Amino acid sequence: MEEYCRFANDPLPYSYKAMEPYIDIQTMYLHHDKHLQAYINQLNALIERCAALQSMTFTQKGNCGFPVLVQILKNLDTVPEYLRTDIRNNAGGVFNHWFYFNGLSAKPRKRPEGQLAESIHWQFGGFEEFKKEFTKQALDVFGSGYAWLAADKEGNLQVIKTANQDTPVEKNLIPLICVDVWEHAYYLKHKNLRSAYLPDWFEVADWNWAQWCYSNPEIFS
């Protein structure tokens, strides 16, 4: 009998210290193994309680991935209302953290190339102008959340910010790259200085990941 899948916290695709000196080893460990794990545990517990969530995962094998998260986040109206907020927060927490960690690299492509670079130039006037707008949006997040570069179905780019664990897929946008500006993403190294964290994040933000997402929008739609 086919059983619904569950989410698992796979190891990072790099070591905890790989982002040093820009993101410290202890932050990477706590962020991935504690904060992300908590969202995964809570989401799996909700799946155990919710037949509608279980039905979204029957065709999957083993562990759930991005497509299941997208399906959950885009079909919240099919789950019981009394669970909806918890499901949205925890599914969003898993999605956003997975996306953030995938968008980091110890040896990143630090600037976009190809079609994405052309789109950034056309939409923002150049990469440096984009960085200014992205930084502004990240600094403007009130409390906890994320700043994103995202694309619509026509490939047009926009920089957006989301609160808490809201996601671009709920806005029918394709996420390309994001910075996590919850304080647990930077507080051990930068204390309360989000403005000091953002230049360090740019040093390890991987534009190969952004280009892959831009070229494969069906994963998130």
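Quick caveat: nothing in here was measured; it's all calculated off a predicted structure.

Things to note about the layout of surface pockets
Approximately 210 Å³ is the volume found for the largest pocket. If you go around the largest pocket, you meet 13 residues; those closest to its centre are D10, P11, P13, W98 and N102. Listed by contribution, the elements that provide at least two residues to the lining of the largest pocket are α1 (25-49) and α4 (81-102). Take the lining of the largest pocket: its biggest share by element is three residues, from α4. Tallied by class, residues from the lining of the largest pocket come to nine nonpolar, three polar and one charged. What the second largest pocket holds in volume is close to 160 Å³. Taken together, Q115, A151, D152, K153, E154, G155, I174, Y214, S215, P217 and S221 make up the full set of residues lining the second largest pocket. The residue inventory of the lining of the second largest pocket, partitioned by class, reads four nonpolar, four polar and three charged.

Here's the deal with a nonpolar patch on the surface
The grouping of Y16, I25, Y29, L30 and L188 at the surface amounts to a nonpolar patch, some 390 Å² of accessible area in total. Among the elements that take part in the nonpolar patch, α1 stands out by supplying three residues, more than any other. Tracing the backbone through its elements, the reader meets Y29 in helix α1. A relative accessible area of 32% places Y29 in the partly exposed class.

Here we look at the pattern of salt bridges
Two side chains bearing opposite charge may form a pair once their charged atoms approach each other closely. Across all of its chains, the model carries seven salt bridges by this definition. A salt bridge links D166 to R88, with the shortest nitrogen-to-oxygen separation between them at 3.1 Å. Residue D166 is located in the loop between β2 (157-163) and β3 (174-180), and its partner R88 is located in helix α4; the two are separated by 78 residues in the primary sequence. Residue D166 is classed as partly exposed on the basis of its relative accessible area, which comes to 22%. The class for R88 is partly exposed, based on a relative accessible area of 30%. The closest approach of N and O atoms between K136 and D140, which form a salt bridge, is 3.1 Å. One end of the pair, K136, and the other, D140, are both in helix α6 (residues 127-140), four residues apart, so they sit about a helical turn from each other. By relative accessible area, D140 is classed as partly exposed at 38%.

Each value, and the rule that gives it
- Residues numbered from 1 in each chain as written.
- Predicted model: local features only at pLDDT ≥ 70, side-chain atom pairs only at ≥ 80, totals over all residues.
- Heavy atoms only, no water.
- 1 Å grid on protein atoms, 1.4 Å probe; cavity = no way out; pocket = protein on both sides within 12 Å on 5 of 7 lines; lining within 4 Å.
- Points joined across faces, edges and corners; volume = space filled by probe spheres on them.
- Helix = DSSP H or I, 4+ residues; strand = E, 2+ residues; numbered from the N terminus.
- Nonpolar A, V, L, I, M, F, W, Y, C, P; charged D, E, K, R; others polar.
- Patch = residues over 30% accessible without salt bridge, like charges linked within 9 Å, V, L, I, M, F, W, Y side chains within 5 Å.
- Areas by Shrake-Rupley, 256 points an atom, 1.4 Å probe, with all protein chains shown as cover.
- Salt bridge = Lys/Arg side-chain N within 4 Å of Asp/Glu carboxyl O.
- Buried < 20%, exposed > 50% of the residue type's maximum accessible area, 1.4 Å probe, protein only.

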